[in-house]
Amino acid sequence: MFPADNPWNTDISGAPVNPSSAAYVANILASGGGFLHADFGGGGAYGIPYVTVDGSTQLPINFTAYGDESDPGPYPVPVDAPIEGGASSGGDRHVLALDTAACKLYELYRAFPRGDHWDADSGAVFDLRSNALRPDTWTSADAAGLPIFPGLARYDEVAAGSINHALRFTVNATQRAFIHPATHAASSSSDPNRPPMGLRLRLQAGFDLSGYHGEARVILEALKRYGMILADNGSNWFITGASDPRWDDGDLNQLKSVPGSAFEAVHTGPLQH
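Model, not experiment: these values are computed from the prediction.

## Here we look at the sheet that holds strand β3 (residues 61-63)
Judged by pairing direction, the sheet is mixed, and its 5 strands sit side by side in the order β2-β4-β5-β6-β3 without closing on themselves. Strand pairing shows two members of the sheet lacking a second neighbour, β2 (51-53) and β3, which therefore form its edges. Between one strand axis and the next, the sheet turns by 35 degrees as a mean value, whatever way the strands run. Bridge count for strand β4 (residues 95-99) against strand β5 (residues 104-113) is 5 bridges, and the pairing is antiparallel. Across the sheet, Asp-99 pairs through a bridge with Lys-104, a residue of β5.

Have a look at this one:
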C-alpha cells in the first residue's frame, strides 16, 4: 500500500518520543480500558471486510452527510460488496474496495446499497501510488481523514511472518486537533492531554515479547517497528484487522495481556487545528 516512504510504511522504531507522550497515554488509560485488544476475529464476524475489484462496475454514490468533504462518484463498488458488521448493521458500515487494475482504494462510511447506487455518509478515493493527503479538515470514510485499508492487520501477511506497516487503532476521547497524515479532528475538546487524530504510538522497545507466539507475536513486532495510528473514536486500545475466518481467537487473546502503559507516543509532526 502506497510508496515505500509513505507514513504508513515508515519504520518509527527510532523516532523521538513525543514530549506529550506520558500525558496522552495517561489520558487514554484514565478513560477506561487498560489493555490492547484485537478488534477482529470471531470466525470472520469481527473486523472490516474488503473486496478487490477490476473497475468494470461503476455505481453512483449519493452522499447523505459529508458530501462536501467526499470524493465524488462513481465508485467501482459492486452492490454486493461486503459491509462491516453485515447487511443489517447499525454501526459504521464501512465498505472498502481495492481496484487492483487502477491501484486505487475506494472507501465508504455508513454505506447502504440501493440497487443501482450506494447511499453513504462519506467517501474517499486514494491513489495507492501517491503520498498525497486529503485536504486539511476533510474527513474520509474514517474520522481522521485517513485510509482504512492500509492500517488493517491482514491474515495473509501475519501468516507470512511480518506486518510491514502501521496499524489502525481507536480511543474513546480525542482532542480537536490532528497530526499528518491525518487531516481531520472529530472532537470539540481543547484538552491538550487528550490524544489528537493521527497520533502514532509504538510498543516500547524494552517490552518483553518472549512469552508471545504466533499471530500475536507478529502483530506485537509490527507495533514495535511501525506502531499504530489513531484513526477514529472508539474503544480504547482497539487495533483493527480485516475480517477473515482464519484468525485464531485463542492466539489473538494474548494481546489482551499487553498493557496500554507499554506504549509511547512518537513525534511525527506538529499539531494541526
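There's more to say after this.
## Notes on empty space enclosed by the protein
Applying the stated criterion across every chain yields a total of 1 cavity of 30 Å³ or more. The computed volume of the largest cavity comes to approximately 100 Å³. Considering only residue class, the lining of the largest cavity consists of 9 nonpolar, 4 polar and 1 charged.

## Concerning the layout of surface pockets
Empty pockets left among the atoms are what a rolling probe the size of a water molecule brings to light. The space that makes up the largest pocket amounts to roughly 280 Å³. Taken together, 17 residues line the largest pocket, and the ones lying closest to its centre are Asp-39, Glu-84, Asp-92, Arg-168 and Thr-170. Those elements that provide at least two residues to the lining of the largest pocket are β7 (167-171), β9 (228-233) and β10 (238-240). Taken together, the residues of the lining of the largest pocket break down into 4 nonpolar, 8 polar and 5 charged. Put simply, the second largest pocket is a space of about 200 Å³. What lines the second largest pocket is a set of 15 residues, and nearest its centre among them are Tyr-66, Tyr-109, Thr-139, Asp-142 and Ala-143. Taken together, the residues that form the lining of the second largest pocket break down as 6 nonpolar, 5 polar and 4 charged.

Criteria and cut-off values
- Residues numbered from 1 in each chain as written.
- Predicted model: local features only at pLDDT ≥ 70, side-chain atom pairs only at ≥ 80, totals over all residues.
- Heavy atoms only, no water.
- Pairing = 2+ DSSP bridges.
- Helix = DSSP H or I, 4+ residues; strand = E, 2+ residues; numbered from the N terminus.
- Axes fitted to C-alpha atoms, helices over the stretch in contact; angles between N-to-C directions.
- 1 Å grid on protein atoms, 1.4 Å probe; cavity = no way out; pocket = protein on both sides within 12 Å on 5 of 7 lines; lining within 4 Å.
- Points joined across faces, edges and corners; volume = space filled by probe spheres on them.
- Nonpolar A, V, L, I, M, F, W, Y, C, P; charged D, E, K, R; others polar.

Spatial relationships are all this shows, so hold off on functional conclusions.
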